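Each chain is listed here by its residues.
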Amino acid sequence: MKQIFDYALDDNGEISIRGLKGNIELTDIVIPGQINGHPVTKIANYAFSNMKVLKTISFPREMEKIGTAAFKNSGIESVTIRNNIRIVGSECFLGCKNLSKVQWESDATIPTYCFYNCINLKEFDFSSVKYIGNRAFGNSGLIKIYLGENIEYVYDAAFEDCKELQTADWLCKCDIPMLCFSGCIRLTDFDFFNVKVVGNSSFSSSGLTNINLKPNIKKVMNGAFNHCESLIEVKWDCEADIPYNCFGECMSLEKFKSTDKTLEIHEYAFSGCGKLSSVTDLHVSIMFSRCFLGCSSLSRLDLSSVVQINNFAFSECGLVHLYLGKNTKIVGHNAFENCHNLRTVEWLCEADIERNCFLDCAQLEKVTITDKVRKIVFDAFPKVKDIDITFV
């Protein structure tokens, strides 16, 4: 039989397939178990990449390794990775837009970019998988995923930009990594019951409409839910602080209900949430800079538990009445600047009133200040006219 494969023989007497000879093109390829008595154990890097006519390939039991980008941008439609295959290289099936059926029986790591941009890959059985690499399924066509207890680790952005993904069941014990479901615009719901850590930007720009974080959540990382434009309501019943840019630019967010645990709200946590009108049961020790920047619909907020309000924290916010009680010790400069709806202030805390604290609060009419305040900076109320200030 005529030899159609280009191959190399290594020092161990094992063969690596490097592709097909000459101008040979086949739609269905069967890799032999041996060539000239030597076992065929590897597919070389880029061996069948860009082979558009390829539809299927079968591997022998002797096969142990598939190299980097071996089928990248090929026309392959289906493939089976059996348990004899121990290593699969990165980008192995990247850009295989016709790939619709994968049977993965091996416990080999699904490597970086393995199925990236496989837009016709609608389903995948993860029951034999332990590790899922960076962007392994990014921009693929997956509709539903089930990650069971066999999954030991999921790397960053594993399912990023899976725009058809509608259901994700997370039963594995690992944390949700950075950018994991970012850009999954059809993922409207997610059950966090089995999760401890929500990673950086893990659901940014996703389709979530409601979020319910329960006490099992120990930490939420920066930007976890930012730019979720369909998000309407959040229940934060966990002890994790609200991190930097957590809900930034969630333009449909209307309601946020917190826990009875004392939290910190970090920079830009709710910035740009222009429809946010209800924040309840909030127990906060520190509000960092610009945490409610641009929350123009937020007309009221209980700040009785707050110890520290940092610079620009409520800039361009919709507050109408402000009450600061004895718990508040520090209020930064420009803290309430451009609160154009603010009409009354009760400053019954001992914190100094710093520069530009109420800059351009043009509707401000009445301010009540405790006589325990030691310092009021001369430009604390710039561009504010005809206000009635009373000391008590």
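Just so it is clear, the model here is predicted, and its values are computed rather than measured.

Asks: Help me understand the overall build of the protein in this model?
Replies: Of the regular secondary structure elements, the protein holds zero helices and 28 strands. Its C-alpha radius of gyration of 29 Å places the protein more than 25% over the 21 Å reference for a compact globule of 392 residues. Overall, the protein is about 100 × 35 × 35 Å in size when its C-alpha atoms are taken along their principal axes. When the 392 residues of the protein are sorted by exposure, 49% land in the buried category. Accessible area of the protein: about 17,500 Å², with a carbon and sulfur share of 45%. Between the averaged position of the 41 positive side-chain charges in the protein and that of its 48 negative side-chain charges there is a distance of 2 Å.

Asks: Could you clarify how one ought to interpret the packing of aromatic side chains in this entry?
Replies: Remark: the centre distance and the inter-plane angle together describe each pair of aromatic rings, the angle taken between the planes. Overall, the coordinates contain 37 aromatic pairs when judged by the stated rule. For the pair Phe336 and Phe358, a centre-to-centre distance of 5.5 Å together with 10° between the ring planes defines the contact as stacked. Here Phe358 lies in the loop between strand 26 (344-347) and strand 27 (366-369) and Phe336 lies in the loop between strand 25 (330-331) and strand 26, a separation of 22 residues in the sequence. Summarising the aromatic geometry, the rings of Phe358 and Phe381 are spaced 5.2 Å apart at their centres and angled 5° between planes, so their arrangement reads as stacked. Within this pair, whereas Phe358 is found in the loop between strand 26 and strand 27, its partner Phe381 is found in the loop between strand 27 and strand 28 (388-391), the two being separated by 23 residues in sequence. Its relative accessible area of 14% is what places Phe381 among the buried residues. Directly above the aromatic system of Phe312 lies the positively charged group of Arg290, at a separation of 4.1 Å from the ring centroid.

Asks: Whenever I open this one, a nonpolar patch on the surface confuses me. Can you help?
Replies: Taken together, Ile376, Ile389 and Phe391 make up a surface patch of nonpolar side chains, about 260 Å² in accessible area. Mapped onto the elements, Phe391 comes out in strand 28.

Asks: Honestly, the sheet that holds strand 18 (residues 233-236) in this entry has me stumped. Any pointers?
Replies: Across a sheet, strands are paired by hydrogen bonds formed along the backbone, either parallel or antiparallel in direction. If you trace the four strands from one edge of the open sheet to the other, you get 16-18-19-21, paired in parallel fashion. Pairing within the sheet leaves two strands with one partner each, and these edge strands are strand 16 (210-213) and strand 21 (278-280). Strand-to-strand, the axes of this sheet are offset by a mean angle of 5°, without reference to chain direction. Of the pairings in the sheet, the one linking strand 18 to strand 19 (residues 255-257) comprises three bridges and is parallel in character. For Lys235, the partnering residue across the bridge sits in strand 19 and is Lys257.

Asks: Help me understand the nonpolar core in this model?
Replies: In globular proteins that are soluble, nonpolar side chains generally tend to be buried together. Core analysis: the largest hydrophobic core is formed by 128 residues, its most contacted members being Phe159, Phe181, Phe225 and Phe247. If one sorts the elements of this core by residue count, strand 2 (residues 15-20) sits on top with three residues. The contact partners of Phe181, leaving out residues within four places of it in the chain, are Ile145, Phe159, Leu165, Ala168, Trp170, Ile176, Leu187, Phe190, Ser202, Phe203, Ser204 and Ser206.

Asks: Sorry if this is basic, but what is going on with the state of the cysteines here?
Replies: Among covalent bonds in proteins, the disulfide is the one between the sulfur atoms of two cysteines. In this structure the tally under the stated criterion is zero disulfides. Its sulfur unpaired, Cys114 is 5.4 Å from the next cysteine sulfur, which belongs to Cys92. On the accessibility criterion, Cys114 (0% relative accessible area) is buried.

Asks: Looking at this model, I keep getting lost on a positive patch on the surface. Mind explaining?
Replies: Side chains of Lys173, Lys196, Lys218 and Lys261 sit close together on the surface and give a patch of like positive charge. Along the chain, the position of Lys173 falls in the loop between strand 14 (167-170) and strand 15 (197-198). Residue classification places Lys173 among the exposed residues on the basis of a relative accessible area of 59%.

Asks: Can you walk me through the pattern of salt bridges in this structure?
Replies: When their charged atoms lie close together, side chains carrying opposite charge are able to pair. Scanning the entire structure with this criterion turns up 12 salt bridges. A salt bridge links Lys72 to Glu91; the shortest N-O distance between them is 3.1 Å. With Lys72 in the loop between strand 7 (65-66) and strand 8 (78-81) and Glu91 in the loop between strand 9 (87-88) and strand 10 (101-104), this pair connects stretches of sequence that are 19 residues apart. Two residues, Glu160 and Arg135, come together in a salt bridge whose shortest N-O distance is 2.9 Å. Here Arg135 lies in the loop between strand 11 (131-132) and strand 12 (144-147) and Glu160 lies in the loop between strand 13 (153-154) and strand 14, a separation of 25 residues in the sequence. On the accessibility criterion, Glu160 (12% relative accessible area) is buried. Residue class for Arg135 comes out partly exposed when judged on its relative accessible area of 25%. A network of salt bridges, in which partner residues are shared, links Asp10, Glu14 and Lys42.

Asks: How do you make sense of the sheet that holds strand 28 when you look at a structure like this?
Replies: Spatial ordering of the open sheet is given by 24-26-27-28, a layout of four strands whose pairing is parallel. Two strands close off the open sheet at either side, each with one partner strand: strand 24 (321-324) and strand 28. For this sheet the average axis-to-axis angle between neighbouring strands, irrespective of direction, equals 5°. Pairing of strand 27 with strand 28 involves four bridges; the strand directions are parallel. Directly across from Val367, in strand 28, lies its bridge partner Ile389.

Asks: Mind showing me how you'd approach the pairing of strand 12 here?
Replies: Every regular strand shows the same layout, with side chains that alternate between the two sheet faces. Side chains of strand 12 alternate between two faces, with Ile145 and Leu147 buried and Lys144 and Tyr146 left unburied. In the sheet, strand 12 pairs with strand 14 via four bridges, with the strands oriented parallel. The residue of strand 14 that forms the bridge with Tyr146 is Asp169.

Criteria and cut-off values
- Residues numbered from 1 in each chain as written.
- Predicted model: local features only at pLDDT ≥ 70, side-chain atom pairs only at ≥ 80, totals over all residues.
- Heavy atoms only, no water.
- Helix = DSSP H or I, 4+ residues; strand = E, 2+ residues; numbered from the N terminus.
- Rg over C-alpha atoms; globule rule 2.2 N^0.38 Å.
- Buried < 20%, exposed > 50% of the residue type's maximum accessible area, 1.4 Å probe, protein only.
- Areas by Shrake-Rupley, 256 points an atom, 1.4 Å probe, with all protein chains shown as cover.
- Lys, Arg positive; Asp, Glu negative; His and termini not counted.
- Charge placed at Lys NZ, Arg CZ, Asp CG, Glu CD.
- Phe/Tyr/Trp six-rings, centres within 6.5 Å; stacked < 30°, edge-to-face > 60°.
- Lys NZ or Arg CZ within 6 Å of the ring centre and 35° of its normal.
- Patch = residues over 30% accessible without salt bridge, like charges linked within 9 Å, V, L, I, M, F, W, Y side chains within 5 Å.
- Salt bridge = Lys/Arg side-chain N within 4 Å of Asp/Glu carboxyl O.
- Pairing = 2+ DSSP bridges.
- Axes fitted to C-alpha atoms, helices over the stretch in contact; angles between N-to-C directions.
- Core = buried A, V, L, I, M, F, W, Y, C linked by side-chain atoms within 4.5 Å.
- Contact = heavy atoms within 4.5 Å.
- Disulfide = S-S within 2.5 Å.

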